[in-house]
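# Descriptive structure summary
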Amino acid sequence: MVQRNQNFWGTAVGRRLHRIAGIMLIGILLPACAGSPPPSVSMPEDIRETTYYARKAVKLFRKGCYAGALDYFQDAHERYAAADQLEGVAHSLNGIADIYHRWGEIQSAVKVYDDVIEIYQSLDDSQGVIQVLCNKSAALIALDRLETAAEILRQADALDRSGNQTPIRLRTRALLSIRKNEPQLAREQLDQALAAAEADQPMQSSIFYAKGHVELTADRPAQAKVFFGQALHLDRAAGAYHDIARDLQSLGTCHARLGDHRQALNHFKRSAKIFALLKDQRRATEVIEQLEKSARRAGADIQTTLQWIHQWMLNPNDGQICD
């Protein structure tokens, strides 16, 4: 497969990631919709293999292997576009936008979301429009464009006459409430979203993580720990490596806040190892800083752990979990 530039608008990866602030809040603002299966579409025999690229992209995205997922979403986009299969074009573009969102290239994600919304509108696919409106709103919340984000959510509410998209709408509204420092309203919205999520485990995980963030922000780490643990249970079952690492980092933060640096070490070690295996240098570096701080407080030797982390980070042949 041709290796593509990961930056859709040409800025350097390191520079764009450096601009990301508020790690915990960014974590709950992330979209999950790229994990949905690719559409089943009828197309000419010579390009039916497009479904392979789309499914591979979804598989990698769910793991948290975003660079590889981007390659496959790009390939699928090209092939669906060549066949003028608009459902497939929308699905692959939404995946591309979600990856830029997760990489912190929020402005780029918003531009691609706009293209996806236009396609779903042309297909009269209101469910698709609602999902992408919510993703765009979350991106705008990350940019602190709160009034615009609220207006987009009102558009999503008006479209969802069947109530099928209630969990994602309520979850996104809770994110807006969190950013507006309305924790009690956020709790109520997240409880309603969880009740409506039913068997949607990725959505349930993101809701539990958001509930943990609300409690940690309110300086209630013991309560936050329970919710992060529930998110971790679901993410382990799904094999969502990146989200497992995120959950472990948050649990480590809870233990550190509670003064239990031995338990914090345990969680930070596991988190940093996963980020290293995913070759996510930025996140691994963040966790290493937390790990080293707790190690000093606990009087622990972490050199062996750091050796594994650095080996996995620097050697491209170690930890082929993104194959």
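This section reports on the structure supplied with the text. (Residues numbered from 1 in each chain as written. Predicted model: local features only at pLDDT ≥ 70, side-chain atom pairs only at ≥ 80, totals over all residues. Heavy atoms only, no water.)

So, about the overall build of the protein chain. Scanning the protein chain from N- to C-terminus turns up 16 helices and zero strands. Residues classed as buried in the protein chain amount to 54% of the 323 residues present. Taking contacts inside the protein chain between residues at least 6 apart in sequence as the whole, the part at least 24 apart equals 62%. With the model as given, the accessible surface of the protein chain reaches about 14600 Å², and the carbon-plus-sulfur share is 48%. (Helix = DSSP H or I, 4+ residues; strand = E, 2+ residues; numbered from the N terminus. Buried < 20%, exposed > 50% of the residue type's maximum accessible area, 1.4 Å probe, protein only. Contact = heavy atoms within 4.5 Å. Areas by Shrake-Rupley, 256 points an atom, 1.4 Å probe, with all protein chains shown as cover.)

A word on the state of the cysteines. Tallying each qualifying case throughout the model produces one disulfide. Disulfide pairing places C65 opposite C322 at an S-S distance of 2.0 Å. Across the S-S bond linking C65 and C322, the dihedral sits near -80 degrees, which makes this disulfide left-handed. Taken together, the positions of C65 in the loop between α3 (50-63) and α4 (66-82) and C322 in the segment after α16 (303-314) put the pair 257 residues apart, joining distant regions of the chain. (Disulfide = S-S within 2.5 Å.)

Counted by the stated rule, this structure contains 15 salt bridges. The shortest N-O distance in the salt bridge between R173 and D157 comes to 2.7 Å. Of the two residues, R173 sits in helix α9 (residues 166-179) while D157 sits in helix α8 (residues 146-159), which places them 16 residues apart along the sequence. By relative accessible area, R173 is classed as partly exposed at 22%. (Salt bridge = Lys/Arg side-chain N within 4 Å of Asp/Glu carboxyl O.)

Across soluble globular proteins, nonpolar side chains have a tendency to be buried as a group. Among the nonpolar cores identified, the biggest contains 94 residues, and F73, L93, I99, V116, F228, L291 and I309 are the most heavily contacted of them. Here this core takes ten residues from helix α7 (residues 126-142), the largest share from any one element. Setting aside anything within four residues of it in sequence, one finds I99 in contact with F61, Y66, A69, L70 and F73. (Core = buried A, V, L, I, M, F, W, Y, C linked by side-chain atoms within 4.5 Å.)

So, about helix α14 (residues 261-277). The first and last C-alpha atoms of α14 sit 24 Å apart over 17 residues, in line with the 24 Å expected at 1.5 Å per residue. Every buried residue belonging to α14 is among H261, A264, L265, H267, F268, S271, A272, I274, F275, A276 and L277, and all of these are buried. Looking at the buried positions of α14, the neighbouring elements they touch are α13 (241-257), α15 (281-298) and α16. Residue K279 follows α14 closely and has a positive phi angle near 60 degrees. (Expected span 1.5 Å × (residues − 1).)

On to the environment of N266. Mapped onto the elements, N266 comes out in helix α14. Distance in space between the C-alpha atoms of N266 and G252 is 7.5 Å, their sequence separation being 14 residues. Separated by 2.5 Å, the side chains of N266 and R270 make a polar contact. (Polar contact = N/O pair within 3.5 Å; in protein donor to acceptor, adjacent residues only side chain to side chain.)

At a closest axis distance of 8 Å, the pairing of α13 and α14 adopts a crossing angle of 160 degrees. In terms of axis orientation, α13 runs roughly antiparallel to α14. Here the hand of the crossing between α13 and α14 comes out left-handed. Only H261, Q263, A264, H267, F268, R270, S271, I274 and F275 of α14 make contact with α13, whose side of the interface consists of Y241, H242, I244, A245, R246, L248, Q249, L251, G252, T253, H255 and A256. Of the residues belonging to the contact of α13 with α14, the class tally is ten nonpolar, nine polar and two charged. (Axes fitted to C-alpha atoms, helices over the stretch in contact; angles between N-to-C directions. Parallel < 35°, antiparallel > 145°, perpendicular 65-115°, else oblique. Left-handed = near helix turned anticlockwise from the far one by under 90°. Nonpolar A, V, L, I, M, F, W, Y, C, P; charged D, E, K, R; others polar.)

To continue, consider the packing of aromatic side chains. Throughout the structure, instances matching the rule amount to seven aromatic pairs. Residues Y209 and F228 carry aromatic rings whose centres are separated by 5.1 Å and whose planes lie at 50 degrees to one another, so their mutual orientation is tilted. Of the two residues, Y209 sits in helix α11 (residues 201-217) while F228 sits in helix α12 (residues 221-238), which places them 19 residues apart along the sequence. Take Y209: its relative accessible area is 1%, and that puts it in the buried class. (Phe/Tyr/Trp six-rings, centres within 6.5 Å; stacked < 30°, edge-to-face > 60°.)

Turning to the side chain of Q165, a few remarks are in order. Of note, Q165 is situated in the loop between α8 and α9. Judged by relative accessible area, Q165 falls into the buried class, the value being 10%. Discounting chain neighbours no more than four positions away, the residues touching Q165 are Q127, I130, Q131 and D160.

Its 17 residues give α11 an end-to-end C-alpha distance of 24 Å, which sits within 8% of 24 Å, the value for a rise of 1.5 Å per residue. Residue D219 follows α11 closely and has a positive phi angle near 60 degrees.

Let's shift gears to the side chain of D98. Within the secondary structure layout, D98 lies in helix α5 (residues 86-103). An unpaired buried charge is present at D98: no salt bridge exists, and R102, the closest side chain of opposite charge, is 6.6 Å distant. (Lys, Arg positive; Asp, Glu negative; His and termini not counted.)

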